[in-house]
Amino acid sequence: MSDAIETHQTELRHFAPSSEFVARANVSDSSLHDAGDADSETYWAGQARELLHWDTEWSKVLDWDPPNAKWFVDGTLNVTYNCLDRHIESGHGSQVAFFWEGEPGDERAITYSQLLEDVSRCANALKELGVQRGDRVAIYMGMVPELTVAMLACARIGAAHSVVFGGFSSDSLRGRINDAEAKIVITCDGAWRRGGVVALKDIVDEALLDTPTIEKCIVLRRTDHGNEMTDGRDIWWHDLVDRQSPECIPEPMDAEQLLFILYTSGTTAKPKGIMHTTGGYLTGVTSTFRSIFDIHPDEDVYWCTADCGWVTGHSYIVYGPLANRATSVLYEGTPDYPDKDRFWAIVEKYAVTILYTAPTAIRTFMKWGVEYPGAHDLTSLRLLGSVGEPINPEAWIWYHDVIGGSKTPIVDTWWQTETGAVMISPLPGLTTLKPGSATFAMPGIGVDVVGDDGRHVGIPGGGYLVLTKPWPSMLRGVWGDPERFQETYWSRFPGLYFAGDGARYDDEGYMWLLGRVDDVMLVSGHNISTAEVESALVDHHAVAEAAVVGVHDPTTGQAISAFVVLKNDHEPSKALEKELRIHVGNLIGAIARPKSILFTDDLPKTRSGKIMRRLLRNVADDETLGDTTTLADPGVVARIKDRYLSVDAEDDEVDDLEENQK
Ligand code: 6R9
């Protein structure tokens, strides 16, 4: 037991950092916060200069023409030089960058020198295929080291990657490829999942039936289960990449060169291509990784359990850790294969010191029971992290006590695909923690909670979370849709970035995140828009109308509950329910399959025809209905409620954690 101070103030336990942790922490005083508060531009310029190598210094730190920002104007740098070459030049080429653990149990230790060679080969291969600076490359792979290699290879030559999570359907992949007008797609023949094969290449083949911009498809052999190769289009990774030179000059890129596009769900059915650029993004992730995860590159083994298909994988598996010369674990598979102790076996095997995972995973582990972590030596762990959704105090305490042996700080990190890097988090050697609170803004970041009028709500007080100043890793826009960028993030409160989350200050000014305030659901921490699932349901020939809401779920945070009106010639049935769930899974991906479907004869709508999702949410959460006076047909909710209560909501096999974890 450490000397963590535990008090019982306002019913909440406070956890101050132990003196042992403070003694060796990268950040143990308020100097970063003070510098960030004093002048955020100077602060970020200092971080950029101190933590990164620039080929050309910038002429101006920030060019801010709201909502458009340019950071480090005229500065040039190469992301992969910063992530790889410079560590080798400083004598750390033989340090392991990734301990990779395949799901079937195979393993590889990849040093910084090897990683640089692999990245250079892949970069040369892309060049051979005609990929140039500014081109887009789609990546659709499982969690194999070559996924990080492919991302870094793009960065080395100034092509933008668009990683599409391997759980998405062929339609979703096609939509993203076409939106970004990608030239190349890189994939695997298959991915291992619970001992079985997900035939990724077959999904790609289907997507590529209608993707006019794709010229080539590079296929990594992973599962070797046999797949079709299309002449002239498909090339095996081993035929193309392995024969390339292991040297590729890291050319300087403009600080505002597009580094990647990553799609995220919004309030309409069409996902948004969030754009991130080179200099500001790398500054943001490098700086936050160092201070939040307290990385000591010669001692720590860091493991972020996310998939590279999500932003957490981009920022805190690839770019932040590598820029800091971290040694990381990369795991291919699910937490319950071959058994429910796989994560803890990995922590023990690699003596992981820092673990970063999601509340949905933690709640699943709680459900599975303490015997699984209990069977392993977890004493190497010294710091735990959480991301993706609010972590409930009960899960926080379990994580702290059972996984962290009651001695590890927990950094609850709030951020978004759009913010690129963490915006709100404790600094583990400085901040006194409260279970369930993400605590305070990061140094140099302006955060506030405002009311409907856009004004600070006061302390204590609740309202909408906003960011008040531009920050280096901020999104530079929505690919191909500047209006949507303005409309979604910058129009609700003029001059402020609207995050779409509710939040409150407690009486000590700690921040508590309350989940989304818009029509975006958070399922296992992933954004899924109600509109996206509704349009997938309506796409089915039997469906006339559909409304979808996120309802509270003890494991996944929210679960998707669908209300469906069938066309006249169709009857509700269990078989149809199943068919609809499969249909949604096929169109979007398994993560978007509704957990429950209720057939109804009508939906609650306002007189202007807007579906009142709030009422459906109340029905699904079994709460009181509140004000129904604006309904066109007030009786409809009561009828739905009667039906809802009489139907045994089938507890189906929605893949809550396994494939969707961030
Ligand atoms: C990094 C990531 C963003 C949304 C965000 C919020 C929720 C993320 C959170 C959290 C409470 C945290 N969220 N971290 N809510 N506490 N520590 O998750 O990006 O996939 O874009 O999701 O996730 O609602 O707005 P992304």
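It should be emphasised that the depicted structure is a prediction, and the values quoted were computed from it without experimental measurement.

Visitor: Lay out the overall build of the protein in plain terms, naming residues and giving numbers.
Guide: Helices and strands together make up the secondary structure of the protein, namely 20 helices and 31 strands. Taking the principal axes of the C-alpha coordinates as reference, the protein spans close to 70 × 65 × 55 Å. For the protein, the residues scored as buried account for 64% of the 662 residues in total. A fraction of 71% describes how many contacts in the protein between residues 6 or more apart in sequence connect residues 24 or more apart. Accessible surface for the protein amounts to roughly 23700 Å². Of this, 49% is attributable to carbon and sulfur atoms. Separation between the mean location of the 58 positive side-chain charges and that of the 100 negative ones in the protein comes to 2 Å.

Visitor: An account of the sheet that holds strand β24 (residues 461-467) is requested, with residue identities and associated values reported.
Guide: Read from one edge of the open sheet, four strands run β23-β24-β25-β26, paired in antiparallel fashion. This sheet does not close on itself; its edge strands, each paired only once, are β23 (447-450) and β26 (511-516). Neighbour to neighbour, the strand axes of the sheet diverge by 45° on average, direction disregarded.

Visitor: Provide a residue-level description of the domain arrangement of the protein, including the pertinent values.
Guide: When cut into domains, the protein gives domain 1 (3-467) and domain 2 (520-659). At the junction of the two partners, domain 1 supplies 26 residues and domain 2 supplies 26 residues. In total, about 2000 Å² of surface goes out of reach between domain 1 and domain 2, with carbon and sulfur atoms giving 51% of it. Counting across the domain 1 and domain 2 interface gives zero salt bridges. At the boundary of domain 1 with domain 2, the tally comes to twelve residue pairs in polar contact (both at pLDDT 80 or more). Breaking the side of domain 1 that touches domain 2 down by element, the ones donating at least two residues are α7 (170-180) and α13 (359-368). Sort the elements by how many residues they give to the side of domain 1 that touches domain 2 and α13 lands first, with six residues. Class assignment of the residues belonging to the side of domain 1 that touches domain 2 gives a composition of eight nonpolar, twelve polar and six charged.

Visitor: For the pattern of salt bridges, give the residues involved together with the corresponding values.
Guide: Taken as a whole and judged by the stated rule, the model has 35 salt bridges. Put simply, R222 and E332 hold a salt bridge, and the shortest N to O gap is 2.7 Å. Taken as a pair, R222 in the loop between β13 (216-220) and β14 (234-236) and E332 in the loop between β19 (328-331) and α12 (342-350) lie far apart in primary sequence, 110 residues in all. You'll find R222 and E332 in the same group, each marked buried. The partner of D601 in a salt bridge is R639, with the nearest N and O atoms 3.8 Å apart. One end of the pair, D601, is in the loop between β31 (596-599) and α19 (613-620); the other, R639, is in helix α20 (residues 635-646), with 38 residues separating them in the sequence. What you see here is one network of salt bridges that share partners, running through E101, E107, R342 and K349.

About the criteria used
- Residues numbered from 1 in each chain as written.
- Predicted model: local features only at pLDDT ≥ 70, side-chain atom pairs only at ≥ 80, totals over all residues.
- Heavy atoms only, no water.
- Helix = DSSP H or I, 4+ residues; strand = E, 2+ residues; numbered from the N terminus.
- Buried < 20%, exposed > 50% of the residue type's maximum accessible area, 1.4 Å probe, protein only.
- Contact = heavy atoms within 4.5 Å.
- Areas by Shrake-Rupley, 256 points an atom, 1.4 Å probe, with all protein chains shown as cover.
- Lys, Arg positive; Asp, Glu negative; His and termini not counted.
- Charge placed at Lys NZ, Arg CZ, Asp CG, Glu CD.
- Pairing = 2+ DSSP bridges.
- Axes fitted to C-alpha atoms, helices over the stretch in contact; angles between N-to-C directions.
- Domains from an automatic or database assignment.
- Buried area = accessible area lost by both parts, 1.4 Å probe.
- Salt bridge = Lys/Arg side-chain N within 4 Å of Asp/Glu carboxyl O.
- Polar contact = N/O pair within 3.5 Å; in protein donor to acceptor, adjacent residues only side chain to side chain.
- Nonpolar A, V, L, I, M, F, W, Y, C, P; charged D, E, K, R; others polar.

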